[in-house]
Structures are given as structure tokens and as C-alpha cells.
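The chain contents come next:
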Amino acid sequence: MSVTSVTEIDDLVREVQSCYPDADEALLRRAYEFSAKAHEGQTRRSGEPYLQHPLAVAGILTFLKLDVTAIVAALLHDTLEDTVATQEELQTHFGDEVAHLVEGVTKIGQIPFRTYEEKQAENFRKMLLSMADDIRVVFIKLADRLHNMRTLGHLPETKQKQIAQETLEIYAPLANRLGMSGIKQELEDLCFQYLKPEAYSLLKLRVAKRDEERHVDVESIIQETLDALAKAGLPGRVVGRPKHLYSVHQKMESQGITFEEVHDLVAIRVITDTKINCYTILGVVHEAWPPVPERFKDYIATPRNNLYQSLHTTVLGPQGDHVEFQIRTEEMHRLAEYGVAAHWRYKEQVKVDERDEKVFSWLRQFVEWHRDLSDNRQFMDSVKLDLFHLDVFHDVVFAFTPKGQVKELPLGSTPVDFAYAIHTQVGDRCVGAKVNGKIVPLRQELASGDTVEILTSPTQVPQKEWLKFVQTSRARAKIKHYLKDEEQKQGLELGRRLLEREFRRRQLPAAQWSESDGLSQVARKRGYASCEEMMRMVGYGRLSAVQLVNWLVPGGDTDKDGEPVRGAPKTAPAQSPLKSVKVMGGRDALMQLSKCCVPVPGDPILGYLTRGRGLTIHAKGCPNLETMDYERDRLVEVEWDMTVDERHLVKVCVLTFDRPGVLANVSSAIAASKANISRAEITTREDQKAVLDFMIEISDTRHLEHAIEGIGRVDGVISAKRVREWEHS
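Every value quoted in this text rests on a predicted model; they were computed, and no experiment measured them.

Caption draft 1: How the structure looks around the overall build of the protein chain. Within the protein chain, the regular secondary structure consists of 26 helices and 20 strands. Burial analysis of the protein chain (729 residues in total) assigns 50% to the buried set. Here the contacts in the protein chain between residues at least 6 apart in sequence split such that 66% fall between residues at least 24 apart.

Caption draft 2: Seen up close, the nonpolar core. Counting residues in each nonpolar core, the largest one holds 75 residues, and the members touching the most others are Leu 61, Val 72, Leu 76, Phe 94, Phe 139 and Met 149. Excluding its chain neighbours within four sequence positions, the residues that come into contact with Met 149 are Ile 163, Ala 164, Thr 167, Leu 187, Leu 190, Cys 191 and Tyr 194. Membership of the second largest hydrophobic core comes to 29 residues, among which are Leu 519, Met 591, Leu 609 and Val 636.

Caption draft 3: Representation of the packing of helix α17 (residues 415-422) against helix α19 (residues 473-505) in the model. Two elements in contact, α17 and α19, have axes whose closest approach is 8 Å; the angle formed by their N-to-C orientations is 85 degrees. In terms of orientation, α17 and α19 fall into the roughly perpendicular class. For the pair α17 and α19, contact is made by Asp 417, Tyr 420 and Ala 421 and by Arg 474, Ala 475, Lys 478 and Ile 479, respectively. Looking at the contact of α17 with α19, its residues break down into four nonpolar, no polar and three charged.

Caption draft 4: View of the pattern of salt bridges. Following the criterion strictly, the structure yields 20 salt bridges and no others. One salt bridge in this structure joins Asp 144 and Lys 141, with 3.6 Å as the shortest N-O distance. Of the two residues, Asp 144 and Lys 141 are both situated in helix α8 (residues 136-150); the distance of three residues between them amounts to about one turn of the helix. For Arg 334, the salt bridge goes to Glu 331, with nearest N and O atoms at 3.0 Å. With Arg 334 and Glu 331 both in helix α14 (residues 330-338) and three residues apart, this pair spans about one turn of that helix. The exposure class of Arg 334 is partly exposed, given its relative accessible area of 30%. Salt bridges here are not isolated pairs; linked through shared partners, they connect Asp 10, Glu 25 and Arg 29.

Caption draft 5: Region of the structure containing empty space enclosed by the protein. According to the stated counting rule, one finds three cavities of 30 Å³ or more in the structure shown. The space that makes up the largest cavity amounts to roughly 40 Å³. Surrounding the largest cavity, Arg 214, Val 218, Ile 221, His 263, Asp 264, Val 266, His 322 and Val 323 form its lining. Residue assignment for the lining of the largest cavity shows that the elements contributing at least two residues are α11 (197-232) and β5 (322-329). Looking at which element gives the most residues to the lining of the largest cavity, the answer is α11, with three residues. The class makeup of the residues in the lining of the largest cavity is four nonpolar, two polar and two charged.

The rules behind the values
Residues numbered from 1 in each chain as written. Predicted model: local features only at pLDDT ≥ 70, side-chain atom pairs only at ≥ 80, totals over all residues. Heavy atoms only, no water. Helix = DSSP H or I, 4+ residues; strand = E, 2+ residues; numbered from the N terminus. Buried < 20%, exposed > 50% of the residue type's maximum accessible area, 1.4 Å probe, protein only. Contact = heavy atoms within 4.5 Å. Core = buried A, V, L, I, M, F, W, Y, C linked by side-chain atoms within 4.5 Å. Axes fitted to C-alpha atoms, helices over the stretch in contact; angles between N-to-C directions. Parallel < 35°, antiparallel > 145°, perpendicular 65-115°, else oblique. Nonpolar A, V, L, I, M, F, W, Y, C, P; charged D, E, K, R; others polar. Salt bridge = Lys/Arg side-chain N within 4 Å of Asp/Glu carboxyl O. 1 Å grid on protein atoms, 1.4 Å probe; cavity = no way out; pocket = protein on both sides within 12 Å on 5 of 7 lines; lining within 4 Å. Points joined across faces, edges and corners; volume = space filled by probe spheres on them.

As C-alpha cells, this is what we get:
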């Protein structure tokens, strides 16, 4: 499918009336004239009048056979953002419905954002919420992005790559999620062209040359298929469809193969009249050419989440090459080309029927999954992961509820993912699962065809350990959301207790201060968003209760007689016992090294603010940080103070041949590197080898590398490496 656009209003009117003979031509022309006047004098980077852009976007929607209201909104879609036109004017001239659509597409331009990523997240969040209300918002946005990508060459190279990367990560997968394969494929190829121009140009030339060489073979297969259908008395048309460049590039990258090893550059598409004939034609194809084992997929019996249906099979063609066949009905073909847009036939004051309600229910569910993610980075990561996992080119499993309802999940999903796919409360209350009638661990991976029964308990809550094995962004987001809420509640409660205890210690009326607006005034003055946030900082250990009382009470570090309060700080907080780490920005805090990853100077590090124990310093590669990122405001930038000389314990595992003198020689090598041995354990194995585990004291990563290199030079040593606890978990 080639998604075209128009360049003149007369062409647009003609195309719209070919789909909707009763379309209101006057309304279309009025919208065009309003847009022309609003954008008067504005030009695009190419130098052409800006009006060409909304006209092209409207043309793309016309090709998708969207209704007149959506096309009118497309003509006006940039007026609120880029001109002096107002929402009230749109409502007056074109009605509430058009104004609502235009507002839904309009970016958030009035709010100052600290970063591009924050602005991107808020704009996409707004679009998600708007399209849940009216799906035509996302159709307009995709058409807008498609035309912008077609004209991207006029922007600076850095801007080209930024827009192309965003399109590849968000908008192309979203088009795929909506089943709009034509738009998805064109967006991907355009992104490929700007992100990897050399690879794109080379692949384009090679595919064109291969197509020219194999044209006769493809035409021969098409004709043989038509002859076989005629002989069997089956209706159907047969076409060859070349694979788009980005999918070829993806295959080469993911499978590590050369272009010459890609055999299925063309898919043969057979389109017939009924579902039964699809299966009959499958038999005809397999009779004509031998099928390739394990390359058959039935998306008719089990449609994809984006409603795609077809039979896929790969056969050995006349020249021994792999040839993919896709067999579908005309209705399935229309849905495969236009996606959800093929189902959209909006009629004024008529609600979506039951069939279309099923079509759009997954979209509302998708929006609901991400609605409560307030952290922008977490929100975008979750959306990208969700769109990526449900891409039609990635492996999935189909699992069933006991009542036969199918759930499509990413490969590797577990009963916990399945539970959250049913409902948030089912996931939150999940205590166990039966797969095909047998109790299984919650971390067990599901396989296609499994029937899964989720066992729940009203007292169960989401567990932090689940984050180590869940696969779906929905499950991950819901678990993190619950844990974040709980952490905040606990931090707030602990902060209040610590503050009350400090008030009692100073014999001050705690109730009086907690009920007054003194806390609010201090919070605002000290830059906290609220009293609760300031209290949580006390609970987390970032702010001491002593310091907060000093802020609250004038002269709070002295008692009623003017004498210093015992225990009140006379200066800044004491330096952390861990002297070799400092907090970025110079803030002091109680610190300790994490026991799971045991970082040493030279390792990239990050601080995690625990409740009441100050900062725990983790290595940035530590997987435990991944299970903590639901509370990003507790991650603190830290760095090593390389001017401080501290010794750090590190575990080193040495594999040697089990022979006399090796232990002594290894110990001597460690001593020669000026590292001290704190502890040593020896384990002999049945294969005549020995494992020597040492805890050694070193100063930094360079010192450690020097010690390991010295150990490696000892005769009889097979390997020596640093070991951290999480590498074995």
C-alpha cells in the first residue's frame, strides 16, 4: 500500500466525495480557507507555503477513508499551536467536535520543561489520553508525523536524527499497534534513511538489483499459484509484495547474516473470499511446494492484538529459495492495510457498535496501563517497552484463561504477567498459579497453549521480587507504582515519628507545631514541594529531624535558658564515615557501600536513599538498582573522592590446577601487588582443579586490575576474576 497525499483543495474534495458522496464540500472549503488565513505568511523549512502541510495531512486521512470531521480537523490541526487562532473560534466556526480533535493533537506549548525528554513525555501522555477519548486524534497525529518525515530532509542533521529516533521508537510501533502497516513501514524506512544513511543507500541498491534478477522467478510463482487455484476451482487474486528495507535490515542485524543469506525478500499474498478457502488454499500451496518446518503461523484462529489475521507459511520455491505466502480474505486484507482505521466509520450521535467496541477496547486498556505513571522517564520507558513487546515481528505466547479467553504476552512472560493482563487487582492479589491444572512457581515462563488459573488472596500485595522476572511493562509499572506508594507512606510515617521524638527530646509541644502552618512555611522556604515531601526526606535520612526542628523553632538549637541543646549540631552535619564518596552538589549524608555489588573507587556509582540509613552506594551495573527505580527521586548522583586513601574489600575468584604450591604462589602474587589478603577459602573439584576465593584489600579498580594481572601470570592459574554477589543471583 502506498499512502499518498494531495496538494490542492480541489483534489482533496474530489477524493473525499469518492468515499462519501454526501460529504459537506462547503465545510471542507471553509476549513481550508480558515487554515490558509491563519497560516498566511508562514513557510516551511523547504520554502513552500505552510498550508501545504495541513493539506497533505488531510490527504493522508482521506486515503485512509477517515470521516469528514477528522479531515476538517486535519486541515486545522496546527492552527491552535502555530497561529493566533483560538479554541473558541474553532468551536464557533466548526463545532465542538472538530475543536476537541484539534486540541487533542495540539502540543503542550505553554508549559516550561527542563528537558526535551520531559516535553516529549508530556506531549505523548496528552495524546494518549486524547485518543482514548476519540481515536481519530492518533490518526491525525500519525498522518502529521508521516508528512513531517517525508519532508525531514530540510531540517539540520541533528534535528533529523532526533525526530527519526523518536518516530522509530514511538510512532512507527504505535502505527503497527493500530494495524496500519502501510504507515508503519513507510515511517520505518524513512527513519532508517536518516538514522543510517549509508546502510540505507547500500541496501536499497542491493534490493533493487536482486528484485530485477528475481522478477521472472516471482512472476513464475504467482502464475503457478493462479493456475493451481484455477485447477482447484478456488477464487483468489495473487500479488507479490517486496519486503520493506527496514525489515530486511532488521533481519540481517538480529540474525547476524549477510544480504546474500536473506532469501525471502518477497512475500506472495493470496487474497480470497472466505475463511474456509484460506485453509483450502494453504493445502494447495503446500501441495505445490514443500513447506519449511516450523514456519507456519495461524493468525486467523488466533488474531494478533492489533487485529491482524492471515495464514503465514514459508515454502521452498523453484530455485530452492524460501518463499513466504500470506493467505487472507478481502476483509482481513483491508484490516491489514488500514488497521483500526478500517473499522472506524463515525456517525453523528451513533455510538460505536459491539464489534467495534471490541476493536477499540485494547486501546483504552493500553492508555489505562500508563495513566498513573507520574514519572516522565518511567512513563516513556514503559510505553516504548509495551509497544516494542507487542510489535508483530517479535515472539509472543498465547495463553488462555480457564474460560478460554486468550491473552497475548511477550515471550518469557510468567503467571504474574498473565494476572496483570487480566486485571490490576488480580495481579496485586496473586499468590500462586496453576498451569494446565498443576501448581507452578510464579516465575515459571508460559508457553503458547497453556491454560493459566491465577490463585489470589485478599491479603496479598505486590512483591518487590516480582520485578526480577516479570516481562510486560503493565506488570512492571503496576508493581513499581504500588511499591512507590508504600515506600512514600513508610517514609512519611518514619519522618513524623523521628520529628515527634526530637520535639519530645527538646521538651517542645509537638502537636502545636505539627498542626500549625509552620511546617508548610519551612517546606516552601527550603524548596520542598510539600510538608509531606519534607517529612519523607527525614524518614529517608536525607534531612535530619534535628535540623528540621532548628528551622522550625527560632533559636531551636538552644533551650529555654539559652544553653545549647545536648545533641544539637553546632556546625554542618558530620562527614560521612565513608570518606571516599561524596555527594554531587556537596550535600553531606550518612553513607555505606552496598553489599550486593561492593563498588570500589573507579566503578561508576549511584547513591540510593534508604529509610533511616542514609545513602547506600551501588555500582551502576548492579541489577538491584533496576528493582529500585520505581522511586527515582531517591537516586542521588555521587562520585568517588580520589583524594581520599581508603582500602576496600573485594572478592576475587581464582581457578587453578590442583597441584602443590599453587596457593602459596597466588598468595605471593597478591602480596607483590601490595594488596592484603583478608580471608581465603579453598575448594577442590573432581576434575583436578581448585577454586581459590580471596577477600583482598585494594585502593581502586586499577589496583584491583594490577592484582588480577599478577595472579594470572602464576603458573597453574587458569583464570582470575572479580566476583560480586549479584553475579550469582
